[in-house]
Amino acid sequence: MSANVELIQGIYAAFGRGDVAAIQAANSEDTVWRVIGSSDYPLHRPLQGRAGILEFFTLVAQHEDFSELAPQSFHDAGDHVFVLGHAAYTLKTTGKAVDTDFVHVWDIRNGQVTGFREFADTAQVVAGFSA
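Residues numbered from 1 in each chain as written. Predicted model: local features only at pLDDT ≥ 70, side-chain atom pairs only at ≥ 80, totals over all residues. Heavy atoms only, no water.

Undergrad: Could you give an account of the sheet that holds strand β1 (residues 27-35), naming the residues involved and the relevant values?
TA: Pairing within the open sheet is mixed, and its six strands lie in the order β2-β1-β6-β5-β4-β3. Looking at strand neighbours, the two that pair on one side only are β2 (47-48) and β3 (64-76), the edges of this open sheet. Sheet analysis places β1 next to strand β6 (residues 112-120), joined by five bridges and oriented parallel. Bridge pairing links V32 to G115 in β6. (Pairing = 2+ DSSP bridges. Helix = DSSP H or I, 4+ residues; strand = E, 2+ residues; numbered from the N terminus.)

This is the structure we're talking about:
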């Protein structure tokens, strides 16, 4: 297993423990996190740096109650790691359930994450959020 895959697996493990500090430490100061989707949801915008990661997880805690975040496969592509998985959560503001597969794309340079992009069924999220 590559060092890049191990780095990303460690981030998912930290998420499972609620260890945002460990996630921040695995990222560069200029990292950019993006959930690709409509701007009609608070998490669907770029967040930059370690402070942006803290904001990301603050927004997750405010809006989403996870029952599952399951990375299913990790694919090493040099400076990128692609993760295929499944997520299920409830939107706290409306009680609507979200159940979606995802692709996470992690960009890595010098042993640190420099970028994260999530591709999932964001239309489901926006519909549930505005319901």
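Undergrad: Residue-level account of the environment of A26, with values.
TA: Along the chain, A26 falls in the loop between α2 (20-25) and β1. With relative accessibility at 11%, the residue A26 sits in the buried group. Taking the C-alpha atoms as reference points, A26 and R50, separated by 24 residues in sequence, lie 9.4 Å from one another. Filtering out sequence-adjacent residues up to four positions away, A26 remains in contact with L7, I11, Q112 and V113. (Buried < 20%, exposed > 50% of the residue type's maximum accessible area, 1.4 Å probe, protein only. Contact = heavy atoms within 4.5 Å.)

Undergrad: Give me helix α1 (residues 3-17): which residues, what numbers.
TA: Every α-helix carries 3.6 residues per turn, so stepping three or four residues along brings you back to the same face. The end-to-end C-alpha distance of α1 is 21 Å, a good match for the 21 Å that 15 residues give at a rise of 1.5 Å each. Inspection of α1 places N4, V5, L7, I8, I11, Y12 and A14 among the buried residues, and these make up the whole buried set. If you follow the buried residues of α1, they end up packed against α2, β1, β3, β4 (80-91), β5 (97-109) and β6. Where α1 terminates, the next one or two residues include G18, which has phi positive at roughly 75 degrees. (Expected span 1.5 Å × (residues − 1).)

Undergrad: So what about the side chain of N4? Which residues, and what values?
TA: Looking at the element boundaries, N4 is found in helix α1. In this structure the side chain of N4 is engaged in a polar contact, spanning 2.8 Å, whose partner is the backbone oxygen of G78. Once you skip the residues sitting within four places of it in the chain, N4 turns out to touch G78, D79, V81 and I108. (Polar contact = N/O pair within 3.5 Å; in protein donor to acceptor, adjacent residues only side chain to side chain.)

Undergrad: Lay out the packing of aromatic side chains with the relevant residues and their values.
TA: How two aromatic rings sit relative to each other is given by the distance of their centres and the angle of their planes. With the rule as written, the count across this model stands at 13 aromatic pairs. Seen in terms of ring centroids, W33 and F56 are 5.2 Å apart; in terms of plane orientation they differ by 70 degrees. Their pairing is edge-to-face. Here W33, found in strand β1, pairs with F56, found in helix α3 (residues 49-63); they are 23 residues apart in sequence, far enough to count as distant. Their ring planes at 75 degrees and their centres at 5.7 Å tell us that W33 and F57 sit as a pair that is edge-to-face. Of the two residues, W33 is situated in strand β1 and F57 in helix α3; the sequence distance between them amounts to 24 residues. Side by side, W33 and F57 carry an identical accessibility label, which is buried. (Phe/Tyr/Trp six-rings, centres within 6.5 Å; stacked < 30°, edge-to-face > 60°.)

Undergrad: For the pairing of β6, give the residues involved together with the corresponding values.
TA: Where β5 lies against β6, eight bridges are found, and the strand directions are antiparallel. Note on β6: the bridge partner recorded for R109 is Q112. Counted between consecutive antiparallel strands, the loop separating β5 from β6 contains two residues, among which N110 sits at a positive phi close to 55 degrees.

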